Amino acid sequence: MKSFIIKSILLALVVIIGVLIGAQTALIRGVPRIEEIKGFVPAASTRIYADDDTLIGEFKVEKGVYVKIDRIPEHLLKAVVAVEDSRFWHHKGVDYLAIIRAVLKDILAGRIKEGASTITQQLAKVVFLSPEKTVIRKLKEATLAYRLEKNLTKGEILELYLNKIYFGRGAYGVEMAARSHFGKSVSEVTLAEAALLCGLIKAPSRYTPYNNLDMAKKRQLIVLTRMKEEGYITQEQVDEAYQQPLYLTSVRQEQYTNNYFLEYVRKYLEDTYGAEAVYKGGLKVYTTLNKKMQLAAVNALKEGLLALDKRQGFRGPIGHKDINLQEELAKQGSFDKVVMREGDILTATVLTVSSNQATVKAMGIVGQLFLEDAQWADRLIDPKGRLIRRLRYNLSTFLRPGDVIKVRLKERGVIRPVFALEQDPLVQGAVVAIETSTGYIRAIVGGYDFNESEFNRAVSARRQAGSAFKPIVYAAAMDNGFTPASVITDEPLVYESEKYGDWKPGNYDNKFHGATRLREGLTYSRNIITIKLLEEIGVNKVARFAGSLGMEGPFPRNLTLGLGSLSVSPLELTSAFGVFARGGIKIPPISVKYVADSEGNVLENNVPQGQNVISPQTAFLATSMLEDVVKYGTGKRAKALNRPAAGKTGTTNDYKDAWFIGYTPELIAGVWVGFDDMRTLGHGETGARAASPIWVSFMDQALSAISPYDSGDAEKRAFPVPDGIVTAVIDPVTGLLATNATDKMVEFFKEGTVPAIHATDIYRSMILKQKEELGILNKGKDLEGDSID
């Protein structure tokens, strides 16, 4: 009997040991080996630098920006330990006292009120384990926590933790969190800022100051209080930090300003070196990006698209929620606790509304929205831009308490901030800027918001060029026996076709202008002149000429090419105009100056390589005519730069695309505006109205970013006149040499192309009579830039 009992006990022990061994085996399966943990080093990232050699981005496998612990302020380290794991420096990975305390609190509360995971356990879960909430996962978490504590120092654990934890707003790691919330490096954060960041770890979406400033401030106070309780700071420091205003970055613009350019560079690098080298090879890439110009491009495009979107109408609130007015007013934040910048666009909730004003709450701050700051919302439209109904001059007709809307901080106000009504635009756009002398791409913006759409329209969108292609037709004409003074008759045209039906092209103003010089035809973007000119030159010749400028095609082999029926990207068309700006020299656009590997070896060095593709004389005549487009024609808005500039608007059928491509002696820039689904921008939204204001705004800011050694003469610098160009005084009516009896103007010609005869009274009378019969004598010059294209 005794022997049986002993055997039974031994058998049970064997079973128990087997179960424990099996459980241990199951637990460690899938848990990283300690060698992997101890040797964990982020893969070497590819670092991207702007033209001033400052870091603007990284391509890597891991999220966030890794920083060593010695770059993290001591007060932030103490804050995270105080609020997340006060016994961090004493336990061995699992804090049993914290577990007992949490269980007792949960029992008393009748629900799970407090967790007990240590910083080490949180690190194990975030970095090495899946997020599911199961017993097995928790046991694996504890096992891995023990391994981490046994093989890593506390400092190494804390460093890994602060670089991997999520802080909200897309920020992984404390460095990215500091940048996205305060626009600074983590090494620069104050005690107050550190407390707010560490308070986010528990529940980033709940405690973010961008949704509820009052809740964020309460959480910040909890962190500061815990620091005091742990003996890290005094009560005086708690009070001082809590009272400090929070200089929040209300938009992530600075962080994401360069993303379209970075995406363009990333694709180039992957195509050249492969994904493995890009994400793990530790490359250093020195680019052509000018940060000031890039920021100017982002701001100009945003403001231009916002303005266009408002002209279409108001699409209504972006959401609605039930609110308790008393509670919302009671838990409003103090405006002196946060610094908003005038012009910031925020999400707000309507609390009260009357006919002429509304009370709204944004970032926990209550402010006013007056009717005068919502006057643009005069009609309600659907997402496709179709009119639903006209809106009366009354806020209560389109807003109600609980509506969620977009607002712009107009002014801080004496008592409360004042907001203006806004809405995120659905329309998209692109901006490209290329330095004339080098071909360096100084700025690329491919849409309104990279976070909403990563599609880079500046590079990848191929849209009809419209009238922005006309300068290429006119430049080709200069190479084929025409001069700016050559005359073509603007008159009704009919091209018959039994298969497709008759084509009856017309001008934008639906008028005909009779005998017209080519300079005038381009200045006022006359369709009939361009079509007849293309017909005389030949479509194939113009297509070859465009190809010599760097345009890829395919080109329509019919007369619609003259009106820009080909599809082209903004980068491609802007680069083609660059040939005119450089006096006939083509330089392929360059985004990367040079690339070095992890050991400093230069892998590529892109030096601008110019190629003469058209004559300097042809390029100059094209530029001269495009200067008149700015001075007198569709590009008149660009006169606001108050410096020599040349450019051309472009508008396609039904206002689906709007363009402005222009340049100064220093910089070439192109702007495109349109919807991704190719619907109309709205009646009258021409290149002159929708695109050129963006171009002017960008160029005004960008040209001020030119190096000091250039800026002194920049405003007075004119386009150089090459050898082989002469001037002559002509009659503007006939394009022939002027006489004492005619009007006079100075025109540029290639040597050997000056008219050989003088204008005669008979010829002038015949042309003037023709214009009179058409009923539009000199009317074209009275048209406003917005009304023609």
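Calculation notes
- Residues numbered from 1 in each chain as written.
- Predicted model: local features only at pLDDT ≥ 70, side-chain atom pairs only at ≥ 80, totals over all residues.
- Heavy atoms only, no water.
- Helix = DSSP H or I, 4+ residues; strand = E, 2+ residues; numbered from the N terminus.
- Buried < 20%, exposed > 50% of the residue type's maximum accessible area, 1.4 Å probe, protein only.
- Contact = heavy atoms within 4.5 Å.
- Salt bridge = Lys/Arg side-chain N within 4 Å of Asp/Glu carboxyl O.
- Axes fitted to C-alpha atoms, helices over the stretch in contact; angles between N-to-C directions.
- Parallel < 35°, antiparallel > 145°, perpendicular 65-115°, else oblique.
- Left-handed = near helix turned anticlockwise from the far one by under 90°.
- Nonpolar A, V, L, I, M, F, W, Y, C, P; charged D, E, K, R; others polar.
- Core = buried A, V, L, I, M, F, W, Y, C linked by side-chain atoms within 4.5 Å.
- Phe/Tyr/Trp six-rings, centres within 6.5 Å; stacked < 30°, edge-to-face > 60°.
- 1 Å grid on protein atoms, 1.4 Å probe; cavity = no way out; pocket = protein on both sides within 12 Å on 5 of 7 lines; lining within 4 Å.
- Points joined across faces, edges and corners; volume = space filled by probe spheres on them.
- Pairing = 2+ DSSP bridges.

*Asks:* Give a description of the overall build of the protein that names residues and reports values.
*Replies:* Counting secondary structure elements, the protein contains 26 helices and 26 strands. Across the 789 residues of the protein, 53% fall into the buried class. Sequence separation of at least 24 residues holds for 71% of the intrachain contacts in the protein that already meet a minimum separation of 6.

*Asks:* I'd like a rundown of the pattern of salt bridges, residues and numbers included.
*Replies:* This structure, assessed with the given rule, holds 32 salt bridges. Shared partners join several salt bridges into a network, and the residues in it are E303, K310, R408 and E422.

*Asks:* Could you give an account of the packing of helix α16 (residues 291-312) against helix α24 (residues 687-702), naming the residues involved and the relevant values?
*Replies:* Running from N to C, α16 and α24 point in directions that differ by 155°, and their axes come no closer than 8 Å. For the element pair α16 / α24, the angle class is roughly antiparallel. α16 and α24 meet at a crossing whose hand is right-handed. Taken together, the residues of α24 that come into contact with α16 (itself represented by M293, A296, A297, N299, A300, L301, G304, L305, L308 and R311) are R689, A690, I694, S697, F698, Q701 and A702. When the residues that make up the contact of α16 with α24 are grouped by side-chain class, the tally is eleven nonpolar, four polar and two charged.

*Asks:* Explain the nonpolar core residue by residue, including any values.
*Replies:* Counting 118 residues, the largest nonpolar core has F469, M551, L573, V673, W695 and F698 as its most contacted members. Top contributing element to this core by residue count: α16, with nine residues. Those residues in contact with F469 that sit more than four places away from it in its chain are V542, A546, M551, L561, G564 and L566. Membership of the second largest hydrophobic core comes to 77 residues, among which are F182, A192, W376 and V407.

*Asks:* Could you give me a rundown of the packing of aromatic side chains, with the residues and numbers involved?
*Replies:* By the definition in use, this model includes twelve aromatic pairs. Consider the rings of Y286 and Y594, whose centres lie 4.6 Å apart with planes at 15°: the pair is stacked. Of this pair, Y286 sits in strand β3 (residues 284-287) while Y594 sits in strand β19 (residues 592-596), placing them 308 residues apart in sequence. The class of Y286 is buried, set by a relative accessible area of 14%. A relative accessible area of 30% places Y594 in the partly exposed class. Cluster of aromatic residues (ring-pair linked, three or more members): Y49, Y286 and Y594.

*Asks:* Which residues make up the packing of helix α3 (residues 74-84) against helix α7 (residues 154-164), and what are the values?
*Replies:* In the contact formed by α3 and α7, the axes pass within 12 Å of each other and the chain directions differ by 85°. Between α3 and α7, the interaxial angle falls into the category roughly perpendicular. Touching L76, L77, V80, V81 and E84 of α3 are L158, Y161 and L162, all from α7. Classifying every residue of the contact of α3 with α7 gives seven nonpolar, no polar and one charged.

*Asks:* Could you give an account of empty space enclosed by the protein, naming the residues involved and the relevant values?
*Replies:* For the structure on display, the rule yields two cavities of 30 Å³ or more. Taken as a whole, the second largest cavity spans an internal volume of roughly 30 Å³. In this structure, the second largest cavity is lined by F314, G316, P317, I318, V404, I405, K406, E422 and Q423. No other element matches the three residues that strand β10 (residues 403-411) contributes to the lining of the second largest cavity. Classifying every residue of the lining of the second largest cavity gives five nonpolar, two polar and two charged.

*Asks:* Tell me about the environment of L289, and please be specific about residues and values.
*Replies:* Position of L289 relative to the elements: it lies in the loop between β3 and α16. Residue classification places L289 among the buried residues on the basis of a relative accessible area of 0%. C-alpha separation for the pair L289 and I56, spaced 233 residues apart in sequence, amounts to 9.3 Å. Setting aside its immediate chain neighbours within four residues, L289 contacts A50, D51, I56, N258, F261, Q294, I441, R442 and A443.

*Asks:* How would you sum up the sheet that holds strand β2 (residues 55-59)? Please name residues and give values.
*Replies:* Strand order in the open sheet formed by five strands is β2-β1-β3-β19-β20, with mixed pairing between adjacent strands. Looking at strand neighbours, the two that pair on one side only are β2 and β20 (602-605), the edges of this open sheet. Recorded for the sheet is a direction-independent mean angle of 15° between the axes of neighbouring strands. As defined by bridge partners, strand β1 (residues 46-49) adjoins β2 across four bridges and the pair is classed as antiparallel. Residue Y49 lies in a different strand from β2, and its bridge partner there is L55.

*Asks:* Account for the sheet that holds strand β13 (residues 441-445), naming residues and giving values.
*Replies:* The antiparallel open sheet is built from five strands, whose spatial order is β13-β12-β24-β23-β22. Sheet topology places β13 and β22 (646-651) at the edges, where each strand pairs with a single neighbour. Taken pair by pair, the neighbouring strands of this sheet meet at an average axis angle of 5°, ignoring direction. Sheet topology places strand β12 (residues 428-435) next to β13; four bridges connect them, and they run antiparallel. Within the sheet, the bridge partner assigned to I434 lies in β13 and is I441. Its contacts with the sheet put α16 on β12, β13 and β24 (667-674), and the angle it makes with β13 is roughly 30°.

*Asks:* Lay out the environment of K150 in plain terms, naming residues and giving numbers.
*Replies:* For K150, the position within the fold is in helix α6 (residues 135-151). By relative accessible area, which is 75% here, K150 ends up exposed. Placed 58 residues apart in sequence, K150 and K92 show a C-alpha to C-alpha distance of 7.8 Å.

*Asks:* Can you tell me about unusual backbone geometry, naming the residues and giving the values?
*Replies:* Put simply, G553 and P554 share a cis peptide bond, and its omega is 0°. By secondary structure assignment, the location of P554 is in the loop between α21 (539-548) and β17 (567-568). For N510, which is not glycine, the phi dihedral falls at a positive 60°. With respect to the helices and strands, N510 occurs in the loop between β15 (487-490) and β16 (514-517). We classify N510 as exposed; its relative accessible area is 67%. Positioned with a positive phi, M678 is a non-glycine residue whose angle comes to about 60°. Along the chain, M678 turns up in the loop between β24 and α24.

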